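# Report on the structure
Here are the chains, one letter per residue:
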Amino acid sequence: MNEQRMQILEMVAENKLTVDEADRLIAALDDTPTQNQATPESKPKRPKYLRVLVDSRDDGEQTHVNVRIPIQLIRAGVKLASIIPPKALDQANIELQRSGMPIDLTRLKPEDIDELIDHLGDMTVEVEDHENKVHVFCE
Amino acid sequence: MIPQIATVRVQSRPDRHLRLWIPLLPIYLILTPVLFLIIIGGAVACARYRINPIRALTAGAQMLAGLGGLHIDIKAHHSNIMIKLA
């Protein structure tokens, strides 16, 4: 029994509170989550799937693409990429620089990418023009 | 979990469509001898490129397990193709 409940019961014993008032106070305490008990809603929801939706209209004909990729697959892909030998990464870096993307893949740690994937849930990319629409999001 | 069933739906015309439910376990069993060869080839490649074979095997298994839940649906003109792994 916690301290607040004990105080309420002591106040009932001392006739400072009626039984009804004590009952309402205890019910209010039950409704209030304690600091140690996090409600399920307070936990950040981890995304399970990456969704890619493409709607395209070409000469009046509509094309619709709907792809759902499990986040677990992306995670496994990242782990697979982390075992690429450094020699191959150096070559990839050179090619990336040549393409105008100066990214050093050797400095990319799996933990960082894991964290990046965890935060994908907040990401939504929406590109739209008069005939095409691309929507990338996590769910 | 490794995908157990693949659902494939192909529609070439509005009035004609084909839906297949393919159990993957028999396919895994058929591919077992090939898998054995792939593992040997992978081990040789890992030794050649100095990659930890255990990490490579784990990553490969995780890739396979991660395929469950993959869903691809493409509709173009009057055709439609859908692939779902569960």
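Because the structure is predicted, anything quoted here is derived from the model rather than measured. (Residues numbered from 1 in each chain as written. Chains lettered and ligands numbered in written order. Predicted model: local features only at pLDDT ≥ 70, side-chain atom pairs only at ≥ 80, totals over all residues. Heavy atoms only, no water.)

### Topic: the UniProt feature "transmembrane region" (unreviewed entry) in chain B
In the numbering used here, UniProt assigns the "transmembrane region" (unreviewed entry) feature to residues 20-47 of chain B. Secondary structure content for residues 20-47 of chain B is 86% helix and 14% strand, while the C-alpha to C-alpha distance between its ends is 41 Å. (UniProt positions renumbered as here; feature names shortened; annotations may be inferred. Helix = DSSP H or I, 4+ residues; strand = E, 2+ residues; numbered from the N terminus.)

### Brief notes about helix 2 (residues 53-66) of chain B
Its 14 residues place the ends of helix 2 of chain B 20 Å apart at the C-alpha level, agreeing with the 20 Å of an ideal helix rising 1.5 Å per residue. Ala 56, Ala 59, Ala 65 and Gly 66 of chain B are the residues of helix 2 of chain B that are buried. Buried positions along helix 2 of chain B lie against strand 2 (61-70) and helix 3 (71-82) of chain A together with helix 1 (24-49) of chain B. Where helix 2 of chain B begins, the side chain of Asn 52 of chain B points an oxygen toward the backbone nitrogen of Ile 54 of chain B, at a separation of 3.1 Å. (Expected span 1.5 Å × (residues − 1). Buried < 20%, exposed > 50% of the residue type's maximum accessible area, 1.4 Å probe, protein only. Contact = heavy atoms within 4.5 Å. Polar contact = N/O pair within 3.5 Å; in protein donor to acceptor, adjacent residues only side chain to side chain.)

### Let's talk about unusual backbone geometry
Leaving glycine aside, a negative phi is the common case for residues, and trans is the common case for peptide bonds. Residues and elements named next belong to chain B. Even without being glycine, Arg 50 reaches a positive phi, approximately 55°. Position of Arg 50 relative to the elements: it lies in the loop between helix 1 and helix 2. Phi angles above zero are rare outside glycine, and His 77 is one such case at about 55°.

### Some points on the environment of Val 44 of chain B
Mapped onto the secondary structure, Val 44 of chain B falls in helix 1. Considering only alpha carbons, one finds Val 44 of chain B and Met 82 of chain B, 38 residues apart in sequence, at a separation of 37 Å.

### Details of the environment of Pro 3 of chain B
All names here are of chain B. For Pro 3, the location among the structural elements is in the segment before strand 1 (5-13). When the C-alpha atoms of Pro 3 and Pro 26 are compared, they prove to be 12 Å apart, with 23 residues separating the residues in sequence. When neighbours within four sequence positions are excluded, Pro 3 is seen to be in contact with Leu 24, Tyr 28, Leu 64, Leu 67, Gly 68, Leu 85 and Ala 86.

### Thoughts on the packing of aromatic side chains
According to the stated counting rule, one finds zero aromatic pairs over all chains in the structure shown. Seen from the ring of Tyr 49 of chain A, Arg 68 of chain A lies directly overhead, with NZ or CZ sitting 4.3 Å from the centre. Against the face of Tyr 49 of chain B rests Arg 48 of chain B, its NZ or CZ located 5.1 Å from the ring centre. (Phe/Tyr/Trp six-rings, centres within 6.5 Å; stacked < 30°, edge-to-face > 60°. Lys NZ or Arg CZ within 6 Å of the ring centre and 35° of its normal.)

### Side note on the sheet that holds strand 4 (residues 79-85) of chain B
One open sheet holds the eight strands; their spatial order is 3(A)-4(A)-1(A)-2(A)-3(B)-4(B)-1(B)-2(B), and the pairing between them is antiparallel. Sheet topology places strand 3 (124-128) of chain A together with strand 2 (16-23) of chain B at the edges, where each strand pairs with a single neighbour. Between one strand axis and the next, the sheet turns through 5° on average, direction left out of account. Bridge count between strand 1 of chain B and strand 2 of chain B: eight bridges; the pairing is antiparallel. (Pairing = 2+ DSSP bridges. Axes fitted to C-alpha atoms, helices over the stretch in contact; angles between N-to-C directions.)

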